[in-house]
Every structure is written in C-alpha cells, then in structure tokens.
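Summary of structural features
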Amino acid sequence: MIARTISVEPFDLVVFGATGDLARRKLIPALYHRYLAGQMPEEARIIGASRRPVGDAAFREEARAALAEYVPAHELHDDVAASFIERLSYVSVDATSDAGWPALAEKLAPNADRVRVFYLATAPELFGEISRRIAEAGLITPLVRVVLEKPIGKSLDTARALNDEVGAYFPEEAIYRIDHYLGKETVQNLMALRFANALFEPLWNAAHIDHVQITVGETIGVGGRAGYYDTAGALRDMVQNHILQLVCLTAMEPPASLDADAVRDEKLKVLKALKPIDPSSVGTVTVRGQYRAGASDGGAVPGYHDELGRTDSTTETFVAIKAEIGNWRWAGTPFYLRTGKRLPSRVSEIVVAFRPIPYSLFGNSAGPISANHLVIRLQPDEGVKLWLMIKDPGPGGMRLSHVPLDMSFAEAFNVRHHEAYERLLMDVVRGNQTLFMRRDEVEAAWGWIDPILEAWKASSDAPKPYTSGTWGPSASIALIERDGRTWHEDER
Ligand code: BG6
C-alpha cells in the first residue's frame, strides 16, 4: 500500500530549546521524514532558538549529526538531507531576558501572513515567560500556534497556573498540548476499530466486556533523566497523560464527528466519570513499585537508587491501578492500568477482555474455554489480535483452542512506521487539534491524579521494591488476581 502525502502550507516553525534532547532525537528527524515524503514544502523554515550563542552553521551541523544518529541509514539520503538542512537556521534568544528577541522578530517579519508555530521544547517553568515575550515582541499573528510539551504541571494547581500563563497571550484554539501517544498509529486505529466497524460497538459496554487492561511496559531505566524523573514518578510521567488518554479513547462515547472539540468533549466526560481514589481505597486499588538491580535488555542493570545516587527516594518507577468509570456504559467493568520502567519487555497494549460464554456445550475433554480478548498492540509490533476459541483441526474429537485472529499492520500494509511526532507536527501546521489535549482535559486528568498522590504522601508505606526484569512488585499481580482475573500474556 502506498502512503498518501498531502503537502501542507508553507510555515515558519520556531523551536525553543532547539539544541536539546527532544529536538535532536524527535523533532529534527520527524521534520526530515516529512520533507523526504514531500509533505513539508520547500519554502518552510525551521528556526532553532535557544540561548547558546552559535550560528546557523553550527546548528545545521548539529542537525546533520542528529539525522545521522536517529534516522535509519536506508532512509537517510545525502541530497535530501542537504536540502532539508538548508531550511534550518538559528537565532540566539534568551527566554529570560530581552537578548535576541529583536533578531527573532526581524527574521519572522517577512512571513507575517503564513502559519507561524512556536514549539516550546523547554522546561515548563519557561512556558509563561516565553509566551509573554513572544507577545511583547509583537510575534503573535492571526495564524500563530504554540506547542507545549509535557509535563503540563505537577498537580492540578500548577497545571492551572501554567495554562493561565500561556492562556494570557494565546487563545485556546492556538494552544497545542502534545501527548505523543495520541500520534501513535494504533491509537488512531482504536478509533477506526470502534467507529468504522459494526462488529464491536454493540458489545462495547459492561454487559459484554468483563474488564480492560492497559499496559505500558518499558525495559529502559531512568538513566540520565533521573533528575527530572525523581520529581515526577510513573504516575505523573505516564499515567496522568498517556495512559489516561488511552482510557479515554477506549471508553468514550462515539463523538458526533471527528472535529477536535467533538472528540475532546467525549474524552473529557470519561475523565470526569473516573471514580475518585481516596486514602481509604488507595492501599487496595493502587500499587507502586521501585526497581532494584537485576537483569534487563540482556544484561545486568543497576537499581533506581544507584542511578539516582541517593537511597532515600520514594519515587515510584512502577504503578498499577484498578480504575473504575462511574457511568452507565462502564459500571462494573474495571480498567486495570500498569506501567513501569525496567520491565521484562517493551510493550504497550490495550486488552479488552470480553465476558465468558454463559453456558458450555463442550465436555471436559474439549479443554477449558477462554473468553474472547481483543488486544490492541501499540508497540513494538503494531497490530490487533482477536482471541477466539476454535476447534483443533483434524480428528480426535472436539478439542478446543484459544487462537488469535492476527493482524500485524507491518505485514498487512507495506508502509514505513511513522513516528508520532511526524503526524503531530503536521497537524499543528494544518491547524488540526483533534490529537492534542484541551485545557479542561489536562486539568480533569490532574483532578483524578492529585488525590492518589496525596494519599500516597500521607501513607507511611514506601514503594515496593521489584527486581529489574520482572513485571513489578507481586502486589501488582495480586491487584488483579484478587478479582479472579489475570494480566494478559501473549500466549504465542
Ligand atoms: C515519555 C515519558 O512521555 O514517554 C518517558 O516521559 C517514556 O519516561 C516515554 O519513556 C515513552 O514513550 P514511547 O513512545 O517510547 O512509549
């Protein structure tokens, strides 16, 4: 299958924090891919902005190195890369003083009528001040957009303050809060699966679905990010944003259209229907863990405290939660969520576990009858598997097996894997906010997370240790098995 590419309008993209990790690892390679695909027009300009007093040449050199490191060799074409790099330039701008702003204004002046994007790939503490300086430098034009990277706050109050600061200068329609999980191919496929097929939606409720599991496992540790991570933890870093967004897309009502606000209205209703977790229930419906030394990624790895260089941290690197959605569709169907670092494999998936059949016609010799599971795999091998019971082929009586109807997207569609940032960056230019979080969504998510954080803080329990390379503390297994269920493991 050939990917279709529709070119976007010419744009100016200013990346604050242009010499940082995100720009090198994700943004520059994603833009290169869109240029290679013919989606980014020749007239587009990418303007790096940060405090470092370097010039165009040095910035381009860094970008070239980033491409060499992060774009697979067979996709890196020298002539295309050279021409892409020419679209890049650099202005030294200080986010916290007047230095450099006139130069940035001068650079942008000729293109006041085109789409202008400010990408804030900086510490969130700078979002407010950069927004103010953008406004004071007269850089807000009718087609302006600002992109905010997570974390949007550390709590409901701090998220509100941050949204207020940026909102003082940019209208909500111009603010694009990135959650890169929404740019993943399979996440959008979830919408296609639910709303472009007649098969699932009639069964998509508590009467037919026993429970849902969402797992986002990583094999990496916190490594060089320990400084940031220790102030965040798995609940803030992964659950408040990525995992709750997956809950929303799985649980929401069919929106009236795919318009950004129609979809976001429905997601918001899910967030608001999440049953609060308070100090009386936190011990039974949440588990937090912290990894110790062990084996992962094929070798021995240090524990969290060793990486951090301190032994007093109680930051969680693993969390499991039994969440409940209090509405007619989902009452009685728990959503089990878990995520962690240094788990046995890098896997992100949503498992929709249907209820068992009401009555079996088959005797003991047929073997056990497992319930149907729909497994939506986000990574590593994107695809959908529907687990069904079938008769074992051949003679020997009626013996049954649980087997998957397996659709691997990589095999079914011969297209390269798109990084989430490629789509999201182009959506910003196109002015499509569907895959970005609206202010009220982010705040509603914090509204559910805050009491968990507070209850943890008030409790004398520390996160439970787990050995790197295992699926977290045993309490996480107990969390689901207590209910007579079990975490899904791919049976083949
Ligand atoms: C980021 C988190 O948002 O998502 C990281 O801050 C995490 O801690 C990453 O590793 C996971 O993203 P992906 O796309 O690799 O699943």
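Predicted, not measured: the structure shown is a model, and the values here were computed from it.

The number of helices and strands found in the chain is 16 helices and 17 strands. The principal-axis extent of the C-alpha atoms belonging to the chain is close to 80 × 55 × 50 Å. Taking the contacts inside the chain whose residues are at least 6 apart along the sequence as the reference set, 78% of them involve residues at least 24 apart. Accessible surface, the chain: about 21,400 Å² in total, of which carbon and sulfur atoms supply 55%.

Take the site of the ligand next. Of all residues adjacent to the ligand, which total 13 residues, the nearest are Tyr181, Lys184, Glu218, Asp237 and Lys341. A distance of 2.5 Å separates an oxygen atom of the ligand from a polar side-chain atom of Glu218. Its free accessible area being 400 Å², the ligand has 83% of it covered by the protein chains. Element by element, the count of residues in the shell around the ligand is highest for helix H9 (residues 234-251), at 3 residues. Along the lines of polarity and charge, the residues of the shell around the ligand split into 3 nonpolar, 3 polar and 7 charged.

Let us look at the packing of helix H6 (residues 156-167) against helix H15 (residues 439-458). Between H6 and H15, the least distance of the axes is 9 Å, while the angle of their chain directions is 165°. It follows that H6 is roughly antiparallel to H15 by the angle criterion. As for the relative orientation of H6 and H15, their crossing is right-handed in sense. Residue-level inspection shows Leu156, Ala159, Arg160, Asn163 and Asp164 of H6 in contact with H15, the latter providing Arg439, Glu443, Trp446, Gly447 and Asp450.

The next point concerns the pairing of strand S1 (residues 11-16). Each regular strand carries side chains that alternate between the two faces of the sheet. S1 sits mainly inside the fold: 6 of its 6 residues count as buried. Residues Phe11, Leu13 and Val15 line one face of S1 and the alternating positions Asp12, Val14 and Phe16 line the opposite face, and both faces are buried. Pairing of S1 with strand S4 (residues 115-120), which is carried by 6 bridges, proceeds in the parallel orientation. Bridged to Leu13 within S4 is Val117. Note that S1 and strand S2 (residues 45-50) share 5 bridges and pair parallel.

Glancing now at the pairing of strand S11 (residues 318-323). Buried residues dominate S11, accounting for 6 of its 6 residues. The alternating pattern of S11 places Phe318, Ala320 and Lys322 on one face and Val319, Ile321 and Ala323 on the opposite face, and all of these are buried. Of the strand pairs in this sheet, strand S8 (residues 286-292) and S11 are connected by 4 bridges, and their pairing is antiparallel. Within the sheet, the bridge partner assigned to Gly289 lies in S11 and is Phe318.

If you walk across this open sheet you meet the 9 strands as S16-S15-S14-S13-S7-S12-S11-S8-S17, and the pairing is mixed. Two strands bound the open sheet, and with one partner strand each, they are strand S16 (400-408) and strand S17 (464-467). For this sheet, the mean inter-axis angle between neighbouring strands, taken without regard to orientation, is 20°. As judged from the 4 bridges shared by S8 and S17, these two strands associate in the parallel manner. Bridge assignment links Gly289 to a residue of S17, and that residue is Lys464.

Our next topic: the nonpolar core. In terms of nonpolar packing, the biggest core is built from 143 residues, with Phe16, Phe84, Leu104, Phe118, Tyr119 and Leu374 touching the most fellow members. Element by element, the count of residues in this core is highest for H9, at 11 residues. Among residues more than four places away in sequence, those in contact with Leu374 are Leu193, Phe200, Trp204, Ile350, Val351, Val352, Phe354, Val384, Lys385 and Leu386.

This next bit is on the pattern of salt bridges. Side-chain pairs of opposite charge can arise where the charged atoms are in close proximity. The final tally for this structure, using the stated rule, is 41 salt bridges. Linking Arg342 and Glu307 is a salt bridge whose minimum nitrogen-to-oxygen distance equals 3.2 Å. Placement of the pair is Arg342 in the loop between strand S12 (335-340) and strand S13 (347-354) and Glu307 in helix H12 (residues 304-308), with a sequence separation of 35 residues. One continuous salt-bridge network, built from bridges that share partners, spans Asp98, Glu129, Arg132, Arg133 and Glu136.

Scoring rules and cut-offs
- Along each chain, the written sequence defines residue order, and numbers are assigned to residues from 1.
- Reporting in this predicted model follows two pLDDT cut-offs: at least 70 for local features of residues, and 80 or more for side-chain atom pairs to be given and counted; totals over whole chains, interfaces and linings ignore these cut-offs and use all residues.
- The side-chain quantities take in all heavy atoms of the structure and omit both hydrogens and water.
- Starting at the N terminus, helices and strands are each numbered in turn, a helix being any DSSP run of H or I of at least four residues and a strand any DSSP run of E of at least two.
- We call two residues in contact when some of their heavy atoms are within 4.5 Å.
- The method behind every accessible area is Shrake-Rupley, applied with a 1.4 Å probe, and residues are considered shielded solely by the protein chains displayed.
- For this description, a residue counts as near a given molecule or strand if any of its non-hydrogen atoms is within 4 Å of it.
- We call two N or O atoms a polar contact when they sit within 3.5 Å, provided that within protein one can donate a hydrogen and the other can accept it, with sequence-adjacent residues counted only if both atoms are side-chain atoms.
- Under the scheme applied here, ten amino acids are nonpolar (Ala, Val, Leu, Ile, Met, Phe, Trp, Tyr, Cys and Pro), four are charged (Asp, Glu, Lys and Arg), and all others, including Gly, are polar.
- Only C-alpha atoms enter the line fits that serve as axes; for helices the fit covers just the stretch in contact. Angles between N-to-C directions range over 0 to 180 degrees.
- Comment on the angle field: the value is read as roughly parallel under 35 degrees, roughly antiparallel over 145, roughly perpendicular from 65 to 115, and oblique elsewhere.
- Helix crossings fall into two classes, left-handed where the near helix is turned counterclockwise from the far one by less than a right angle and right-handed where it is turned clockwise.
- We call a residue buried when its accessible area falls under 20% of the maximum for its residue type, exposed when it is over 50%, and partly exposed in between, using a 1.4 Å probe and counting protein chains only.
- DSSP calls a pair of strands paired once it identifies at least 2 bridges connecting them.
- Only buried residues count toward a nonpolar core. Its members are Ala, Val, Leu, Ile, Met, Phe, Trp, Tyr and Cys residues joined through side-chain atoms within 4.5 Å.
- We define a salt bridge as a side-chain nitrogen of Lys or Arg found within 4 Å of a carboxyl oxygen belonging to Asp or Glu.

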